Amino acid sequence: MKSSRGKAASMPDTPYQRLAQHLDGLPGGFPATDGGVELRILKRLFTPQQAELACHLTLLHETPAVIALRAGSHETVVAPQLADMADRGLIFSKGENRGSPTYMAAQFAVGIWEYQVGRLTRGLAKDMERYIPHLLNQHTWRKAPQMRVVPVARSIDVRQEILTHERAAALVEGQNDFTLMPCICRKERGLLDQACSKPVETCIAFSGAGDYFQRTGAGRPASRDEILDLLHQADRAGLVIQPSNSKKAGWICCCCGCCCGVLRTLESDPQPARLVASPFAAVMAKAACNGCGICMQRCQMDAFIKIADGVHLDPGRCIGCGLCVSTCPTKALNLVRKPPEEQPMVPPNVAASMLHLAWKRRRTGPAALLRLVAASQKDRLRVRLKA
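Keep in mind that what you see is a predicted model, and the values were worked out from it rather than measured.

1. Looking at the overall build of the chain
And step 1. Each helix and strand in the chain was counted, giving 16 helices and eleven strands.
And step 2. Over its C-alpha atoms the chain spans a radius of gyration of 22 Å, differing by no more than 12% from the 21 Å that the globule rule assigns to 387 residues.
And step 3. Considering only C-alpha atoms, the chain reaches an extent of 75 × 45 × 40 Å along its principal axes.
And step 4. A burial count over the chain gives 51% of its 387 residues as buried.
And step 5. Within the chain, residue pairs in contact and separated by at least 24 positions form 72% of the contacts whose partners lie at least 6 positions apart.

2. A look at the pattern of salt bridges
And step 1. Tallying each qualifying case throughout the model produces 22 salt bridges.
And step 2. Close ionic contact of arginine 70 with glutamate 62 constitutes a salt bridge, the shortest N to O distance being 2.7 Å.
And step 3. Assessed through its relative accessible area of 23%, arginine 70 is described here as partly exposed.
And step 4. A relative accessible area of 1% means that glutamate 62 is categorised as buried.
And step 5. Between aspartate 379 and arginine 70 there is a salt bridge, and its shortest N-O distance comes to 3.1 Å. Here aspartate 379, found in helix H16 (residues 366-386), pairs with arginine 70, found in helix H4 (residues 64-71); they are 309 residues apart in sequence, far enough to count as distant.
And step 6. Through salt bridges with shared partners, a single ionic network connects Arg40, Arg44, Asp127 and Arg130.

3. So, the packing of aromatic side chains
And step 1. Under the counting rule described, the total for this entry stands at seven aromatic pairs.
And step 2. A ring pair is formed by phenylalanine 178 and phenylalanine 206, whose centres lie 5.9 Å apart and whose planes are at 80°; its orientation type is edge-to-face. Pair noted here: phenylalanine 178 is in strand E3 (residues 178-181) and phenylalanine 206 is in strand E4 (residues 203-206), with a separation of 28 residues, a long-range link. Judged on exposure class, the residue phenylalanine 178 and its partner phenylalanine 206 are both buried.

4. Details of the sheet that holds E4
And step 1. Here we have five strands laid out as an open sheet, ordered E5-E3-E4-E7-E6, and antiparallel in their pairing. Edge strands, defined here as strands with exactly one partner in the open sheet, are strand E5 (220-222) and strand E6 (240-243). Going from strand to strand, the sheet's axes swing by 25° on average, the running direction of each strand aside.
And step 2. In this sheet, strand E7 (residues 251-255) lies alongside E4 in antiparallel orientation, the contact comprising three bridges. Its bridge partner lying in E7, alanine 205 is registered against tryptophan 251.

5. Structural notes on helix H15 (residues 350-360)
And step 1. Buried residues of H15: Ser353, Met354, His356, Leu357 and Ala358, and no others.
And step 2. Among the structural elements, helix H8 (138-143) are those in contact with the buried residues of H15.
And step 3. The N-cap of H15, judged by a side-chain oxygen 3.3 Å from the amide nitrogen of alanine 351 a few residues on, is asparagine 349.
And step 4. Positioned one or two residues after H15, arginine 362 has a phi angle of 60°, which is positive.

6. Observations concerning H4
And step 1. Counting buried positions along H4 yields six of eight residues, so the element is predominantly enclosed.
And step 2. Of all the residues in H4, the buried ones are Pro64, Ala65, Val66, Ile67, Ala68 and Leu69.
And step 3. Tucked into the core, H4 has its buried residues touching helix H3 (48-54), helix H5 (75-87), strand E2 (102-105) and H16.
And step 4. The positive-phi residue at the C-terminal boundary of H4 is glycine 72, with phi of around 70°.

7. A short note on the pairing of E7
And step 1. In terms of burial, E7 is a largely internal element, five of the five residues being buried.
And step 2. Of the two faces of E7, the one carrying Trp251, Cys253 and Cys255 and the one carrying Ile252 and Cys254 are both buried.
And step 3. Sheet topology note: the E6/E7 ladder contains four bridges and is antiparallel. By the bridge assignment, proline 243 is partnered in E7 with isoleucine 252.

8. So, the side chain of aspartate 127
And step 1. When you line up the elements, aspartate 127 lands in helix H7 (residues 122-135).
And step 2. Other than its neighbours up to four places away in sequence, aspartate 127 contacts Val37, Arg40, Ile41 and Arg44.

9. Quick look at the nonpolar core
And step 1. In this structure, Phe46, Phe108, Met128, Leu231, Phe304 and Leu333 are the most contacted members of the largest nonpolar core, which totals 108 residues.
And step 2. If you tally residues by element for this core, the top one is helix H12 (residues 224-237), at six residues.
And step 3. With sequence-adjacent residues up to four places away left out, leucine 333 is seen in contact with Val283, Met284, Cys295, Phe304, Leu313, Cys324, Val325 and Cys328.

10. Remarks on the packing of H4 against H5
And step 1. One can describe the packing of H4 onto H5 by two numbers: an axis separation of 9 Å at closest approach and a directional angle of 115°. Between H4 and H5, the crossing angle belongs to the class labelled roughly perpendicular. You can see that H4 and H5 cross each other, and the crossing is right-handed. Contact residues: H4 offers Pro64, Ala65, Ile67 and Ala68, while H5 offers Glu75, Val78, Ala79 and Leu82.
And step 2. A breakdown of the residues in the contact of H4 with H5 according to their chemical character gives seven nonpolar, no polar and one charged.

Calculation notes
- Residues numbered from 1 in each chain as written.
- Predicted model: local features only at pLDDT ≥ 70, side-chain atom pairs only at ≥ 80, totals over all residues.
- Heavy atoms only, no water.
- Helix = DSSP H or I, 4+ residues; strand = E, 2+ residues; numbered from the N terminus.
- Rg over C-alpha atoms; globule rule 2.2 N^0.38 Å.
- Buried < 20%, exposed > 50% of the residue type's maximum accessible area, 1.4 Å probe, protein only.
- Contact = heavy atoms within 4.5 Å.
- Salt bridge = Lys/Arg side-chain N within 4 Å of Asp/Glu carboxyl O.
- Phe/Tyr/Trp six-rings, centres within 6.5 Å; stacked < 30°, edge-to-face > 60°.
- Pairing = 2+ DSSP bridges.
- Axes fitted to C-alpha atoms, helices over the stretch in contact; angles between N-to-C directions.
- Polar contact = N/O pair within 3.5 Å; in protein donor to acceptor, adjacent residues only side chain to side chain.
- Core = buried A, V, L, I, M, F, W, Y, C linked by side-chain atoms within 4.5 Å.
- Parallel < 35°, antiparallel > 145°, perpendicular 65-115°, else oblique.
- Left-handed = near helix turned anticlockwise from the far one by under 90°.
- Nonpolar A, V, L, I, M, F, W, Y, C, P; charged D, E, K, R; others polar.

In structure tokens:
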């Protein structure tokens, strides 16, 4: 995997610098900063030994024996370290219940950061607050967002054309296993004494994406009915519904503009509409507007401005969430589908979405993926020959 940390960082000399470069080569990236806040974050999360070991994990699930071989160590040494790192949300794991766990690298976001929801400290929150503007780079997000916006159900006109993956309820109905977790963004802001009054337990993971949260007690199992009810609560609470940028969602976050790192990044741009992955936009029938201002309170992007004869909608700031439409008392607001050229491609699943992101960030391509698989197969063969 490539990295873009510059010439000075091309030969990192500490485990944390090596890990930072490794993470920057993963799809979500881990960009360097002049002040080095990203290294402080890694020091809060990883020991030097863990940072060194994490550099030997790839985007493929591998056994402790294969990782140990690559790290120049022994399986009996590496296996407990990997299990501990997985318990701390520093790497991905699966197969623990079968007694044959495998491990793969976790990108920082969405990934390691969200896994810290049960381990947040004020120091980590302060460092992340400084790092979020660098991590959620607007240019990268515009090319390949990790999350998209779907409208709240009440905002959708029954006559409106809407695809299955554009309906939050349909994303839920296609799943069987559900996990509810606290919103890490609201918890982080709370540690900085900047909490809002919105509900906290508003993040949903499907199937394997929720295993870690349930295993560590950071999340809890939920029923389909409870999840569907949460989506209705999100509308009432004025929360934007953001699933993973994939037709088969891995997660759904219900987000507020005051805490969510993604929405705050979008809001800081003069035209959030050009950055967001959303198939819809709001339009206003000015003659029907009574100037009540409810839309101004509900909008997370400040897309509405009070004027002498009512309210003005700035289309460049609309992200198509539908929160204004669902509560407009005079039905002056509606959602319309954007032109095809303004609708970003939605990959079929999370894995395809991550590969699309890596491709757009120029971190990998077909040849690099083939080399990665070939190298892993070679290491697996070496382990079998040694056994």
